[in-house]
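# Structural overview
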Amino acid sequence: MKITGIEAIPYAIPYSHPLKFASGAVETADHVLVRIHTDEGITGLADAPPRPYTYGETQVSIKNIVEEVFAPQVIGLDPFDREKVHAVMRRTINNQVAKGTVDIALWDLAGRTLGRPVHQLLGGWTDSMRVSHMLGFKPAQELLDEALRFGEEYGITTFKLKIGRRPLSLDIEACHVLREGLGPDVELYLDANRGWTANEAMQVLQQTEGLGLTLLEEPCDAKEAMSRRRLVEKSPIPVVGDESVPTAGDASRELLSGGCNAICIKTARSGFTEATEILGLCTGLGVDVTMGNQIDTQVGSLATVTFGAAHEATSRRAGELSNFLDMSDDLLAEPIAIADGRISVRDVPGVGAEIDGEKLSRYRTDR
Ligand code: MUC
Ligand code: MG
């Protein structure tokens, strides 16, 4: 079997509910659909969400790197020789989302060729994941209303609150209002997207003590190594590395230097192959993992649930799987259903994302 071509199709779908957070905001999903074609007529696909404020990649850079840099060196390789494709991609530094998307498309292709669901090829642990929903910047009462609505409509009982605002009192108030309004049984955790200094994060932890918050993600820039290590040592809850740990090397550096003591795995930036390496590292070290969301479409969310449900450690906690609900539409032909707060894997060959051709024609921006 040989790879005969790689397409990177830019498209744009507006958000009906834009998400704001400390490092940026999304109004439109200006993503890239990557399709890998073969001489046997089988195609693998995956979705790339550019996040310039997180990794420096844009829609244009992802399309370019996939089509102009990777494709010429990858065409002709057997798609099952994944390590050879990775050797090509390793010759270009960074560009994690472009690389992760190619990797997921290769796994999709492998599953479709073998006639097996990829969640089984990866590990086959379970068939669904509990859903955690991300709440963006909003006044405290609106956050509570949104969380209550997601609880009622979808049965979601875990929320990640975006924080990192100044004055700190905005987020401290939001934590108190959410806990009071949602009661003690709902899981609440925080993600500051590097919005604060480590000392500011410490103040927030002190002023939210007793609220039962479970995790604090990227409180400050991991490059502020000394103050971040001090925060990790003093924090009563795990400090999660997210954008600081896109690769297994980054994860080991941050864990070993005390920059975090839990890891957020995101398939959009690590693919399934590097996500497996990161998971192995965390399992070996006894470090908790979460399955994160890169503000993914339904195509991207299916990839996350495929990886998350495949392994025991990634399916212990709720995965961040539901922010596609903030979009006005999607490319996925059969929409994802959230029932009783859970999303199921698809028991079809591959990752299970079939694209609606009419929608792709409508939303693609290259024609
Ligand atoms: C997250 O967990 O940080 C926000 C920016 C990004 O790259 O991902 C999201 C969610
Ligand atoms: Mg995060």
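Presented here is an overview of the structure given in this document. (Residues numbered from 1 in each chain as written. Chains lettered and ligands numbered in written order. Predicted model: local features only at pLDDT ≥ 70, side-chain atom pairs only at ≥ 80, totals over all residues. Heavy atoms only, no water.)

## Some words on the pairing of strand S4 (residues 128-135)
Along S4, seven of the eight residues are buried, which leaves the element largely enclosed by surrounding structure. Of the strand pairs in this sheet, S4 and strand S12 (residues 342-344) are connected by three bridges, and their pairing is antiparallel. Bridging from a neighbouring strand, Met129 pairs with Ile343 of S12. Of the pairings in the sheet, the one linking S4 to strand S11 (residues 319-320) comprises two bridges and is parallel in character. Counterpart to Ser132 in the pairing with S11 is Glu320. Here S4 runs beside strand S5 (residues 158-162); their pairing, made up of four bridges, is parallel. What sits directly across from His133, in S5, is Phe159. Taking the sense of rotation as the criterion, the β-α-β connection linking S4, helix H6 (residues 140-154) and S5 turns out right-handed. (Buried < 20%, exposed > 50% of the residue type's maximum accessible area, 1.4 Å probe, protein only. Helix = DSSP H or I, 4+ residues; strand = E, 2+ residues; numbered from the N terminus. Pairing = 2+ DSSP bridges. Right-handed = clockwise from strand over helix to strand, strands pointing away.)

## Considering the packing of helix H4 (residues 96-114) against helix H11 (residues 267-285)
In contact at an axis separation of 6 Å, H4 and H11 are set at 45° when each is read in the N-to-C sense. The angle between H4 and H11 falls in the class oblique. Considering only the axes of H4 and H11, their crossing is left-handed. Two secondary-structure elements touch here, H4 through Gln96, Val97, Gly100, Thr101, Asp103, Ile104 and Trp107 and H11 through Thr267, Ala268, Arg269, Ser270, Gly271, Phe272, Thr273 and Glu274. Tallied by class, the residues present in the contact of H4 with H11 amount to five nonpolar, seven polar and three charged. (Axes fitted to C-alpha atoms, helices over the stretch in contact; angles between N-to-C directions. Parallel < 35°, antiparallel > 145°, perpendicular 65-115°, else oblique. Left-handed = near helix turned anticlockwise from the far one by under 90°. Contact = heavy atoms within 4.5 Å. Nonpolar A, V, L, I, M, F, W, Y, C, P; charged D, E, K, R; others polar.)

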